[in-house]
Protein chains: 2
Amino acid sequence: MSTARHLWDPLHVRVLRQLRDSGPLSRAQLADRLEVPRPRLLGELNRLIAAEQITEAGPAKSRGGRRSTLVELNPRLRFAAVDLGATSLDIEITNGRLEPVAAYTEAADLRKGPKPVLARIGELLAKARSDGVYEHLDGVGLGVPGPVSFRDGVPVSPPIMPGWDGYPVRELLAREHGCPAVVDNDVNIMAIGERHGGVADSVDDMFFVKLGTGIGCGIIIGGDVYRGIDGCAGDIGHIQVTAHGPTCRCGNVGCLEALFGGAALAAAATAAARSGNSPALAERLAAHGAVTARDVADGATEGDAACVQLIREGGRLVGSVLAGLVSFANPSMIVIGGGLAQLGHILLAEIRSVVYRRSLPLATGNLPVILSELGPRAGVAGAAVLASEITFEQWS
Amino acid sequence: MSTARHLWDPLHVRVLRQLRDSGPLSRAQLADRLEVPRPRLLGELNRLIAAEQITEAGPAKSRGGRRSTLVELNPRLRFAAVDLGATSLDIEITNGRLEPVAAYTEAADLRKGPKPVLARIGELLAKARSDGVYEHLDGVGLGVPGPVSFRDGVPVSPPIMPGWDGYPVRELLAREHGCPAVVDNDVNIMAIGERHGGVADSVDDMFFVKLGTGIGCGIIIGGDVYRGIDGCAGDIGHIQVTAHGPTCRCGNVGCLEALFGGAALAAAATAAARSGNSPALAERLAAHGAVTARDVADGATEGDAACVQLIREGGRLVGSVLAGLVSFANPSMIVIGGGLAQLGHILLAEIRSVVYRRSLPLATGNLPVILSELGPRAGVAGAAVLASEITFEQWS
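Residues numbered from 1 in each chain as written. Chains lettered and ligands numbered in written order. Predicted model: local features only at pLDDT ≥ 70, side-chain atom pairs only at ≥ 80, totals over all residues. Heavy atoms only, no water.

**Regarding the sheet that holds strand β6 (residues 100-107) of chain B**
All names here are of chain B.
Piece 1. The 5 strands lie next to each other as β6-β5-β4-β7-β10, forming an open sheet whose pairing is mixed. The open sheet has two edge strands, β6 and β10 (181-185), and neither has a second partner. In this sheet, neighbouring strand axes are inclined to one another by 10° on average, regardless of whether the strands run parallel or antiparallel.
Piece 2. Strand direction decides the pairing type here: strand β7 (residues 139-144) and β10, joined by 5 bridges, are parallel. The partner of Val-140 across the bridge, within β10, is Ala-181.
Piece 3. Here helix α5 (residues 169-177) sits on the sheet in contact with β7 and β10, set at roughly 150° to β10. (Pairing = 2+ DSSP bridges. Helix = DSSP H or I, 4+ residues; strand = E, 2+ residues; numbered from the N terminus. Axes fitted to C-alpha atoms, helices over the stretch in contact; angles between N-to-C directions. Contact = heavy atoms within 4.5 Å.)

**A short note on the pattern of salt bridges**
Residue and element names in this part refer to chain A.
Piece 1. For the structure on display, the rule yields 46 salt bridges over all chains.
Piece 2. The closest approach of N and O atoms between Lys-127 and Asp-131, which form a salt bridge, is 2.9 Å.
Piece 3. Residue class for Asp-131 comes out partly exposed when judged on its relative accessible area of 47%.
Piece 4. A single salt-bridge network, built from bridges that share partners, covers Asp-9, Arg-17, Arg-20, Asp-21, Glu-389 and Glu-393. (Salt bridge = Lys/Arg side-chain N within 4 Å of Asp/Glu carboxyl O. Buried < 20%, exposed > 50% of the residue type's maximum accessible area, 1.4 Å probe, protein only.)

**What about the interface of chain B and chain A?**
Piece 1. At the junction of the two partners, chain B supplies 38 residues and chain A supplies 38 residues.
Piece 2. Carbon and sulfur atoms make up 61% of the surface buried where chain B meets chain A, a total of about 3,300 Å² over both sides.
Piece 3. By the criterion of area lost to chain A, the three top residues of chain B are Phe328(B), Arg358(B) and Leu362(B), representing 25% of everything that side buries.
Piece 4. Taken together, chain B and chain A are joined by 0 salt bridges.
Piece 5. Where chain B packs against chain A, one counts 16 residue pairs in polar contact (both at pLDDT 80 or more).
Piece 6. Listed by contribution, the elements that provide at least two residues to the side of chain B that touches chain A are β12 (215-221), α11 (305-329), α12 (344-358) and α13 (361-364) of chain B.
Piece 7. If one sorts the elements of the side of chain B that touches chain A by residue count, α11(B) sits on top with 5 residues. (Buried area = accessible area lost by both parts, 1.4 Å probe. Polar contact = N/O pair within 3.5 Å; in protein donor to acceptor, adjacent residues only side chain to side chain.)

**Quick notes on the environment of Leu343(A)**
All names here are of chain A.
Piece 1. Along the chain, Leu-343 turns up in the loop between β14 (333-337) and α12 (344-358).
Piece 2. We classify Leu-343 as buried; its relative accessible area is 4%.
Piece 3. Placed 32 residues apart in sequence, Leu-343 and Ile-311 show a C-alpha to C-alpha distance of 6.9 Å.
Piece 4. Setting aside anything within four residues of it in sequence, one finds Leu-343 in contact with Phe-260, Leu-265, Ala-293, Val-296, Ala-297 and Ile-311.

**Looking at helix α14 (residues 378-394) of chain B**
Piece 1. Over its 17 residues, α14(B) runs 24 Å from end to end, which matches the ideal 24 Å to within 8%, given 1.5 Å per residue.
Piece 2. Counting buried residues in α14(B) gives 15 out of 17 residues, a clear majority hidden from the surface. (Expected span 1.5 Å × (residues − 1).)

**Observations concerning the domain arrangement of chain A**
All names here are of chain A.
Piece 1. By domain assignment, chain A separates into domain 1 (11-73), domain 2 (79-195 + 377-394) and domain 3 (201-372).
Piece 2. Taking only C-alpha atoms, the centre of domain 2 and the centre of domain 3 are 26 Å apart.
Piece 3. With 16 residues of domain 2 in contact, the opposing surface of domain 3 contributes 22 residues.
Piece 4. Where domain 2 abuts domain 3, roughly 1,500 Å² becomes buried across the two surfaces, and 60% of that area is made up of carbon and sulfur atoms.
Piece 5. Looking at the side of domain 2 facing domain 3, the largest losses of area belong to Val-187, Glu-194 and Arg-195, adding up to 41% of the total buried there. (Domains from an automatic or database assignment.)

Right, here's the structure in full:
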């Protein structure tokens, strides 16, 4: 399965993708864009109309001559896109064009194991159906915060998801909803989302770096997600940045995530508040009993020196890891997303500074390092793309 | 261009590759292996025979019934494979099966610029022709120690090759020899060589790590070399391993290459000889006026503690870089080659130890880290593979 558009993909997949991404088109426009002989396309369209996968959508604007009729994806098409975080659950129901028609967000605790979490997803989806959001689902895409065997549709030894190892998530979703389902790592779906509808639109070789509770990297190579042999490519949170750092939850010392994951930043911010180094954080700690990445970002905006320093230090660490990966992979773009991306341009400037200084000039001469455009929606956006891809490919 | 075997490659390319890699085959065997309908294959073979790209090669062993005739690549096929190192020039002339029929090795100095170096290559090839090694060349493959724009066939800002930037190397080779030519980075061709005929035979996702004067990594993804957007992927020699290391020739501090490239190891070995820490190295320094990686390897074999220590320290540094890259890319194999690979199993054990300890267990559970099988031949072997690929693809 792929998110790239290959000329050798079956024609029906190429038609469905085109209608998903462009909206209604005339038969002539479709034939032009897909570079397919008209008779072959018309036969395929008749077949797709008979299967109710696409429908006719009224007349095209006249260009003189005979009016042509537009075709579009069946307006009743619905995909469920689910982004499961360590502590949160986001769901979007989209139409065939991947536009959200309903969205749900709530807290979740993955450590309860797969059964209650999947049951809760089932409840939310059932509620959407009883609210009239959909009659039936055509595809389900799910992202989880851990390694996934993409081929088998199961989590594989996910460190923060006890009980999920090898659990047949995809199979259960597909059976429950009677439609194709797909399961991937959360960072991969964020990368797919950003590439499909965000700042990395159609960029074929890029990193999507998620900085949040965990730190990971979605790798797009040649337009496809690169998952590695065991499905755990992109696990950059456990790259060592110092030999004498704190011990990470993985058991090693000095991992990037142990120094600048969400928990590490909150701990450092709390220490700065208590030590008197940061008036801005002290004030927020007193008011709310805890400080978060958002507080550090706000403090920095107000000019609080300790907050700026915390962000710069984190950016330096992230940059040093990315500099090595840029030398290794020579990508054409780096997108920074995840909760800590709200640290914004101070973070970005520091990451850029280190990457541009430390990597080969040839590799950075033309390398944008930019913030995610979709923000917290990147995950569900990518899950919807994956759901549509797997559905289109399984239709025949 | 590709080194992977794709089912969608043109039939003639698939036939030629198969005969290159298997030797003579009957038409029936070819049809089986390529999974092509017999009539289509027979038509293609007749065409290839008419073009003198393949020839009939006598009767196959009888399996009862009518004797079939074998086909093989034209025995007069010749490829020139050139591996240009910082200080050396290796050439092999191969037949269509990529077996060397002649080989030349001599010192070279790339810093003289492209004209004298390419002229010398031309002289050696002319000598081979006058010796009767070939009548004409069918393809030329060249590896150079620096970044290459593979598409354009030119070196791009190669740090140790003054005067080569943008020089039309491929075009000149093709024109001089009247055949297809291909230019790639030396580490990429080593990776291709090892994957085609060495220890990584047909492994689709792997790193080939060259430890020599320079340090670099050939990246094979999905059976193809991954070159990155600017052709400089794999430049791992300039990944920082310590913030307080020596200054590298690239201008940064603490690069892997500055700590454990060939020059760094020779300097450390000389220091160990002079300080009295290493009797084995002191003896060799006195005898030859200099010490090399080979001396360190020999000293370690004799049990010289300082030599063992030098190798272990280097292995630790290489391992720390590779551990991060394994977390990032989750490859299925790492092959260690280049001149320093002669440091052997002490080096390998240390690299393994760090990689296995520092990377995600899921990524290392099944990850061989092994020494190159082709050794100094890896480069020319890969250049020959590339030459044959480009030639087969340009034949029609």
